[in-house]
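Structural description and commentary
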Amino acid sequence: MASLSASPPSTAARGAALIAMGCGVLASLVILLLIGSVPIAAAFGATALVLTGSLLLFRRLFPRTMNLASEPDWSVARTVAESSPDAIAVTDRAGRLVCANDRYEALFGGFATPPGLPFDASGVERLGTAGRAAWRDGHATVERLSIKGTQLSAEVMRAGEDDTLLVWRFHAAQGLDLAQTMENLIAGATGDRLGSAGIMAALINPDGRIRAANRVLRARAMGHEEGAIVGRDFARFLITDSHGMARFEREGLAQNPLRVLQIPFLDGEDAPMLVALIDEEENSHPAIGESAAAHIKSLVSLMPFGVALIGGDGRFVQMNDAFARAAAVDPHSPPIYPGDLLVREDKGVVADAIRRFAGGATHSTDLAVRLKDHPDEPVALSIAGARGLGDSAVLLSLKDNSEETRLKREVAQATKMQAVGQLAGGVAHDFNNILTAIIGHCDLMLMRHSPGDSDYDDIQQIRANSNRAASLTRQLLAFSRQQTLRPQVLQLPDVISEVTNLLKRLLGESVTLTVKHGRNLGAVRADPGQLEQVVVNLAVNARDAMMSKDPRGTGTLAIQTYAVTTAEVRKLASDILPAADYVVLEVADTGGGIPPEVLPKIFEPFFTTKEVGKGTGLGLSTVYGIVKQSGGYIFADNIKAGPRGGAGAVFTIYLPVYAAGTLSEAVPARISPREKVADLWGTGTILLVEDEDMVRAVAERALTRQGYTVLCAEHGEAALEQLESSPKPDLLISDVMMPLMDGPTMVRHARARYPDLPILFMSGYAEETIRKSIDLDNVAFLAKPFSVQELAEAVRAVLGAK
């Protein structure tokens, strides 16, 4: 890393020393005038001279020590910058280039000072704006900077002990540095393979200078393979005869002529061009013969991007593997015309363009077309005329965007799951209010009927169905990650062992259960009860899948745990899974697997492949919600061979390894009553605040029957009015989410008037979710839906704790 700043002049230090000497002499004169003692004044002056002399001597003997504040030691920065593949430069507050690494010099052809780099006017302007933003905000970025066909991104950061430096970092934009990729291919083993096929290849910059060349071209152009050819003018190596045929200058006119092919594989005036040279007989026809055609096919097949050649009749002459992969070509039934790959609406446009370019059009064009196999995802098809390529008349280029399409689908799926989760949470909250009223009225009716009455069984049936509906709302809250968890630091194999006996009874004797645990498993932080529900739900789904494949239900369910390190996660190159240490729980079966059209919707609530009436579609959605709320990740996939042969499905759950100190190990205390109270009767005044009329009516009747005096309010503002006009109540019961004024806001105003007022919150949302909006001490919580018994127990427990 080159340091471009000079050492600060030493005159400043000498000047400081002279000032110190002058001050000492002046102080001696003042002392002489004030006290009239010559010896004391002389002693003081001598002391000042000795200190100044010591300072100068110390600076002369230890100059580096004296310059620590003004001259940084760049050795550490040099080591770090040279190990980075990025181009790095540092400028000071005055805009001067302090230092830069070798990559910076190579990329920009010297040590130009940012933002005055060899970009276009727009790039320089945007870079300057980023520099000013970095001085102001500390950080700025610039995208889509182009130089020599390379797409760059710039990152500017303010640095230094006093924030007096700017660090400029330039790196290739991900996925866009095709020119650099081509340069590496030509100069490496791919260029050697081209040479063995008789193709001399070079990458030429817009100024005509060579950026890269394979070994065969270097040997033919210069007479030896190790010559320095990069940066030299390509045209100076060639000469032409009277017939316009090109030859290498060093070989003279007696050697075979060369066929020169120019392949523009990047758009833009400053993009490099791929040039291929092929030997041909001097007396041959200008069109390439069979031998040269073979060379062209070799060149096309080695291209890292999708290329296809089209003949004058509109048929495919050749396509390379990258083109076939991007177009999803079936190798057993290859297409004859390009239109065979497209949807019907796009066939005519492409056919017209091919006829136009085959007839002599010179410019290239880009078309957005839709492939027949995935019509919802348009792809970019580039069309250009081909000259001197034998039977080929048109060149097609197709970008392989399968990875981009996959990422779009995953992002869309994640967004949809988040939206559905929010909807499910809202539906569960409103539904809980309705169930609270239904269950409450059932309890009140049961108080007036004995088991022998004719209506008693009907009321019990209504209550049982209401409780079943309440369990569905809990599953919806699990999917939307709004349920109450009790996380603990635990070992995953312990949870599997606890649930193994239950699994054996659920699976039956025809299903073989295998459990295998890996070594060196770290601890995870999760709710053990919820993890058991995850394993049970996955096992039941696997059992149903195996029974649908084989009515006898025979098969194997394999559960295994193992550790995955951060390095192994990086090798997976997953765009969803962050790099960290994980403990993996894998559940695999030997069922029929998951159909591809079902796989993207497998975790959606109410989606089920079972017959009508045999499934709610909430099993896997509950699993998804529990895993995500525990900080983990879950993936569903098909496996080619199950644990005992045969296709099946596998669910893989990644739970992050718990690091001590990163999270609180204490399990949050539940704020609903811990113990049931035997005597539920009581006295006192209760202020009940609830915006749902049906819930308020049930709670009022239930509390009145228990002996309490109940005051009701439909929202927070009405409750505050009640507090002003009535004596202090013994307990305040309030819903959390209400119009006009929510529960926590109302309670803060009430606590300002009565600091020791007991509070009982009730809500259809989960306790953990509500806790985020309740920053109050000494409050209890009651989850909806609740029964009359549960309400009476909660009130008696709160009042008894006063």
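Anyway, here's the lowdown on the structure attached to this text. Each chain has its residues counted from 1, running along the sequence as written. The predicted origin of the model limits local features to residues at a pLDDT of at least 70 and limits the giving and counting of side-chain atom pairs to 80 or more, whereas totals for whole chains, interfaces and linings rest on all residues. Side-chain numbers here rest on the full set of heavy atoms in the structure, without hydrogens or water.

Digging into the overall build of the protein
In DSSP terms, a helix is any run of H or I states spanning at least four residues, a strand is any run of E spanning at least two, and both are numbered starting from the N terminus. If you tally the helices and strands in the protein, you get 23 helices and 29 strands. Partly exposed describes any residue whose relative accessible area lies between the buried limit of under 20% and the exposed limit of over 50%, with all areas from a 1.4 Å probe on protein chains only and scaled to the type maximum. Classification of the 802 residues of the protein by burial places 43% in the buried group. Any two residues having at least one pair of non-hydrogen atoms within 4.5 Å are treated as being in contact. Counting contacts in the protein only where the partners sit at least 6 residues apart, residues at least 24 apart contribute 60% of the total. Residue-level accessible areas treat just the shown protein chains as cover; the underlying method is Shrake-Rupley with a 1.4 Å probe. When the accessible surface of the protein is summed, it comes to about 41700 Å², and 54% of that surface belongs to carbon and sulfur atoms.

Re the sheet that holds strand β19 (residues 511–517)
At least two DSSP bridges between two strands are needed for those strands to be called paired. Ordered by their spatial adjacency, five strands build an open sheet running β19-β21-β22-β24-β23, and the pairing between neighbours is mixed. Whereas interior strands pair on both sides, the edge strands pair on one side only; in this sheet they are β19 and β23 (633–639). When the angles between neighbouring strand axes are averaged without regard to direction, this sheet yields 15°. Two elements, strand β22 (residues 582–589) and strand β24 (residues 648–656), share seven bridges in a ladder whose sense is antiparallel. Bridge pairing in β24 places L585 opposite I653. Each of β19, β21 (555–564), β22 and β24 touches helix α15 (residues 492–507); the most contacted strand, β19, lies at about 175° to it. Lines are fitted to the C-alpha atoms to define the axes, a helix being fitted only along its stretch in contact, and any angle between axes, read from their N-to-C directions, falls within 0 to 180 degrees.

What about a nonpolar patch on the surface?
Together, F431, I434, I438, I462 and M694 give the surface a local cluster of nonpolar side chains, amounting to about 370 Å² of exposed area. The element that contributes the greatest number of residues to the nonpolar patch is helix α13 (residues 402–446), accounting for three residues. Positionally, I462 belongs in helix α14 (residues 456–479). The class of I462 is partly exposed, set by a relative accessible area of 44%. Exposure above 30% relative accessible area and the lack of any salt bridge qualify a residue for a patch; like charges then connect within 9 Å, and the nonpolar side chains Val, Leu, Ile, Met, Phe, Trp and Tyr within 5 Å. One speaks of a salt bridge when a side-chain nitrogen belonging to Lys or Arg is within 4 Å of a carboxyl oxygen belonging to Asp or Glu.

Remarks on helix α6 (residues 121–137)
Working rule for helices: expected span equals 1.5 Å times residues minus one. In this model α6 runs 24 Å from its N-terminal to its C-terminal C-alpha over 17 residues, within 8% of the 24 Å that 1.5 Å per residue would give. Just beyond α6, the residue with positive phi is G138, at close to 95°.

Quick word on the pairing of strand β7 (residues 200–204)
Burial runs high along β7: five of the five residues are buried. Every second residue of β7 is oriented toward a common face, with M200, A202 and I204 on one face and A201 and L203 on the other, all of them buried. Direction of pairing for β7 relative to strand β12 (residues 273–279): antiparallel, over a ladder of five bridges. Considered in β12, the bridge of M200 is made with L277. Where β7 lies against strand β8 (residues 210–213), three bridges are found, and the strand directions are antiparallel. The partner of A202 across the bridge, within β8, is A213.

Digging into the side chain of K784
Mapping K784 onto the fold places it in the loop between β29 (779–783) and α23 (788–800). Polar contact is the term for a pair of N or O atoms within 3.5 Å; when the atoms are in protein, one must be able to donate a hydrogen and the other to accept it, and sequence-neighboring residues count only if both atoms are side-chain atoms. Among the polar contacts listed, one links the side chain of K784 to the side chain of E690, at a separation of 2.9 Å. Non-local contacts of K784, meaning those with residues more than four positions away in its chain, are made with N432, N433, T436, E690, V695, D735, M762, S763 and G764.

Observations regarding the sheet that holds strand β26 (residues 709–713)
Taken in spatial order, the five strands make up an open sheet running β26-β25-β27-β28-β29, and their pairing is parallel. With partners counted over all chains shown, the strands left at the sheet margins are β26 and β29, one partner each. Neighbour-to-neighbour, the strand axes of this sheet turn through a mean angle of 20°, independent of strand direction. Examined bridge by bridge, strand β25 (residues 685–689) and β26 share five bridges and lie parallel to one another. Bridge pairing links T685 to T709 in β26.

Re unusual backbone geometry
Across the junction of P114 and P115, the peptide omega takes the value 0°, indicating a cis bond. Residue placement: P115 occurs in the loop between α5 (102–108) and α6. Notably, N520 is not glycine yet its phi reads approximately 55°, a positive angle. With respect to the element layout, N520 can be found in the loop between β19 and β20 (524–526). A relative accessible area of 75% means that N520 is categorised as exposed.

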